[in-house]
Amino acid sequence: MDQKYNPRNVEDKWQQHWEEAKTFAVTEDREKQKYYLLEMFPYPSGRIHMGHVRNYSIGDVIGRFKRMRGFNVLHPMGWDAFGMPAENAAIQNKSHPAKWTYENIAYMRGQLKKMGLSYDWGRELATCDVEYYRWEQKIFLQMYEKGLAYKKTSFVNWCPKCETVLANEQVEDGGCWRCDSEVNQKELDQWFFRITDYAEELLEWTNRLPGWPERVLVMQRNWIGKSFGCEIEFPLEGNADAIKVFTTRQDTVYGATFMSLAPEHPRAEELTTPDRKEEVDAFIEKVKKTDRIKRTAEDFEKEGVFTGSYCINPLTKAHMPIYLANFVLMDYGTGAVMAVPTHDQRDFEFARKYALPLQVVIQPEGETLDPLSMAAAFTEVGILTNSSQFDGLRSDSAKEAIADFLEQEGIGKKTVNFRLRDWGISRQRYWGNPIPIIYCKACGVVPVPDQDLPVRLPMDVEFTGEGGSPLAKIDSFINVTCPLCGQPARREADTMDTFVQSSWYFLRYCCPDLLDGPLDSERVDYWMSVDQYIGGIEHAVMHLLYARFFTKVLRDLGYITCDEPFTKLLTQGMVIKDGAKMSKSKGNVVDPNGLIDRYGADTARLFSLFAAPPEKDLDWSDQGVDGSFRFLNRVWKLVHDRLDLINNSKTVNLSALTGEERTLRRAVHKTIRKVTEDIEERFHFNTAIAAVMELLNVLQGAELATPQYGAVMKEALGSLVQMLAPFVPHITEELWQRMGHHTPLSETPWPDYDREAVVDDEALVVIQVNGKLRSKFTVPAGTDEETMKSIALADEKVLPFIEGKQVRKVICIPGKLVNIVVG
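Everything numeric in this text was worked out from a predicted model, so none of it was measured. (Residues numbered from 1 in each chain as written. Predicted model: local features only at pLDDT ≥ 70, side-chain atom pairs only at ≥ 80, totals over all residues. Heavy atoms only, no water.)

K.L.:
Is there a simple way to explain the overall build of the protein chain in this structure?
P.N.:
Along the protein chain, the regular secondary structure elements total 27 helices and 32 strands. Overall size of the protein chain, expressed as C-alpha extent along the three principal axes, is 105 × 85 × 50 Å. Residues counted as buried form 56% of the 823 residues belonging to the protein chain. Within the protein chain, contacts between residues separated by at least 24 positions form 72% of all contacts whose residues are at least 6 apart in sequence. Entry remark: accessible area of the protein chain is about 36300 Å², with carbon and sulfur atoms responsible for 48%. In the protein chain, the 98 positive side-chain charges and the 119 negative ones have mean positions that sit 3 Å from each other. (Helix = DSSP H or I, 4+ residues; strand = E, 2+ residues; numbered from the N terminus. Buried < 20%, exposed > 50% of the residue type's maximum accessible area, 1.4 Å probe, protein only. Contact = heavy atoms within 4.5 Å. Areas by Shrake-Rupley, 256 points an atom, 1.4 Å probe, with all protein chains shown as cover. Lys, Arg positive; Asp, Glu negative; His and termini not counted. Charge placed at Lys NZ, Arg CZ, Asp CG, Glu CD.)

Laid out in structure tokens, this is it:
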């Protein structure tokens, strides 16, 4: 038996045991309370980084702890395997994306197993597996039947070199993240999911997720962006038609002096007069090359161009010039904004730049604003002026009155608007899930019949990096027969956004072996919802929102019964080194492989868990890693030094201990209580580990020559090893076995603390006079209030503050405090 701690030997041994014994394989068990734990699955980029180590270690502590607490724990792992990086690699390495992806999966799987993570590997899935994406195609078709999937023309971020649509997050400083080419706006036919049908429910449920960080919920509420206002029609000058605007500030409509349209507005061309066409066209092209997110930023320079057309303010009858403005988007409201420069800052800056008129319609109470001298828009509540019969009303109450008037006059109506827009899922790339649609000249849009699913990605593909999606060039894939009429037809060449695959993978984990459908309702209903989900806050308004949407869709399609996918959400912090997030570009990456080879996985896990609470950023420290390794060596040495003592100990009544043995046992059980509470209630792993470190110090200093000492130390060391098990599972399994236990620690219950053992023999009582600390004293535990009051009133340090004064009352908290109130 090795007396020296050898992490590699220990970790290899127990990883092999867990794999051969299928220790963490799990099935539905109605006799046990289930616990579904999940970390966001990784993209198989080639190797794990320290962010992965931290994220998965956090999850593993929770999973192992819950298992020891008697829960039936589902803790699966898989791969978010479609996406453009695989195509990039195929282009660079002249290989197939599938080959690159599956090789990376195999390598990263090995890395994760070396960390000793308690995954049920029998449930592993990759979203590029045909047995996964075939069922996603079926779900797509069912959404299409329900009107939840549809195709429309839309402006998108377009890379002309890669010839593909880019999501907003794939546009970096106006360029393509893949090739740096300038990105522009292009109008394309795109497939969408009608997430807006669920906007109200998605918003309402943000108030029913107490286990989510409020920051994430606020981000989702803002992204959904429900607002109450009015739709108002502004007649066009010299035209029987009108432009509709949506506004939440109908109280300012009398101050509207011009109209701003999104450059993408469908009527922009129609409203442009011939003499303005050249300038308008140039402006539209300029805006097409501007990042859409930047356009809405407060500090972005407001620019526009006059179309040559006018509309009429329906209440003032004023003629309002119609401009195209770079800060107006088609994605919100109607894509048209009534501009009130005196009471909206963006409109104010725009009006000053283009010398447009300003009309004050809300005055601050006790002040008079002059539009000529205003330095900024007045956006607070005030009193209406220059607003006809509404003069004198407070602006907040005038909203309702003016809305009623607009409806009464037939020129507007109250309405609710959402910032959320339907989810565009079309991607012009190969390595994704094919959209199961066929286009026939005679029959139109034809869904692929169920019996013809899956639409498989063809493997004989050439990757050049140019010319758009390779699928569009493969005749054997594109050219098909219409399933309705038998005539020649064409297959859809776009693939689905990879966020689609990550929107339901957590459901498929419940039944990954199902061969005749996407989901087994009975098994899914047992496991769902996910009890604890762990991942980065950067996914707050993309993946996390899409997953919520998909869960509700699958519920309405009859597959599942739950309303929400994730009961609790933990957003872990980043790993920081040299003041910045670890990244290859910054040259501050620490390779987990080298760390594990040198110190072992337990040390890597322990440091990542001890250095900071899970939700905070972790500052990397080489000294901290060394310290974690030294701590594990101290644990190893202490157990080995006491093996003879504990193996030869006699059975004693531990509850009847006295003196130093009782004090030692109290320290053990207080630590059990603290560690249990820190893990179970707060996920404060760092303070839990610190408590075990303190206990180790106590145990190292304990040398008692009594018959009971061996039994006390046996319980103490056993408890210490059990408490460390979720954090450092390999070394603790080995020590547990060497201590003579035949049942593996991973199958051993968590220790309970003895409530009687944690009661102190003595209590330290604080004495206050009129709330100020004056002295302290110690009494036996359980001392009654009257005795404590008498001791406090006679305390030498207290007497100078109460002599000659009237004692009005004495407040006592048994075992803690006596407060003497004097007059």
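K.L.:
Looking at this structure, I do not really get the packing of helix α23 (residues 685-700) against helix α24 (residues 709-724). What am I missing?
P.N.:
Where α23 meets α24, the closest approach of the two axes is 11 Å, and the angle between their N-to-C directions is 155°. The orientation of α23 relative to α24 falls into the category roughly antiparallel. You can see that α23 and α24 cross each other, and the crossing is left-handed. Only M713, A716, L717, L720, M723 and L724 of α24 make contact with α23, whose side of the interface consists of V692, L695, L696 and L699. The residue inventory of the contact of α23 with α24, partitioned by class, reads 10 nonpolar, no polar and no charged. (Axes fitted to C-alpha atoms, helices over the stretch in contact; angles between N-to-C directions. Parallel < 35°, antiparallel > 145°, perpendicular 65-115°, else oblique. Left-handed = near helix turned anticlockwise from the far one by under 90°. Nonpolar A, V, L, I, M, F, W, Y, C, P; charged D, E, K, R; others polar.)

K.L.:
Quick question: what am I supposed to make of the sheet that holds strand β28 (residues 618-619) here?
P.N.:
Whenever strands of a sheet pair, they do so through backbone hydrogen bonds, lying parallel or antiparallel. In space, the 3 strands of this open sheet follow the order β27-β26-β28, with mixed pairing throughout. At either end of the open sheet lies a strand with only one pairing partner, and these are β27 (580-581) and β28. Where strand β26 (residues 575-577) lies against β27, 2 bridges are found, and the strand directions are antiparallel. The residue bridging K577 from the neighbouring strand is A580, located in β27. (Pairing = 2+ DSSP bridges.)

K.L.:
Would you take a moment to explain the packing of helix α20 (residues 622-641) against α24 for this structure?
P.N.:
Geometry of a packed helix pair, given as the angle between the helix axes and the separation of the axes. Across the interface, α20 lies against α24 with an axial gap of 11 Å and an inter-helix angle of 150°. With respect to α24, the axis of α20 lies roughly antiparallel. Judged by the twist between their axes, the crossing of α20 over α24 is left-handed. Residues F631, V635, L638 and V639 of α20 touch α24, and the partners they reach there are L717, L720, V721 and L724. Split into classes, the residues belonging to the contact of α20 with α24 amount to 8 nonpolar, no polar and no charged.

K.L.:
What's the story with the pairing of strand β8 (residues 226-235) in this structure? I'm lost.
P.N.:
For a regular strand, side chains alternate in direction, first toward one face of the sheet and then toward the other. Bridge count for β8 against strand β16 (residues 412-418) is 7 bridges, and the pairing is antiparallel. Across the sheet, residue E231 finds its bridge partner in β16, namely K413. In this structure, β8 lies alongside strand β9 (residues 242-247), joined through 6 bridges in antiparallel fashion. By the bridge assignment, E231 is partnered in β9 with F246. Linkage of β8 to β9, two consecutive antiparallel strands, is achieved through a turn of 6 residues, within which G238 is found at a positive phi near 70°.

K.L.:
Help me understand the pairing of strand β11 (residues 304-312) in this model?
P.N.:
Among the 9 residues that make up β11, 7 are buried, leaving the element largely enclosed by the rest of the structure. Hairpin connection of β11 to strand β12 (residues 319-325): 6 residues between the antiparallel strands, including K317 at a positive phi of 65°.

Interpretation in functional terms is not warranted from these geometric data alone.
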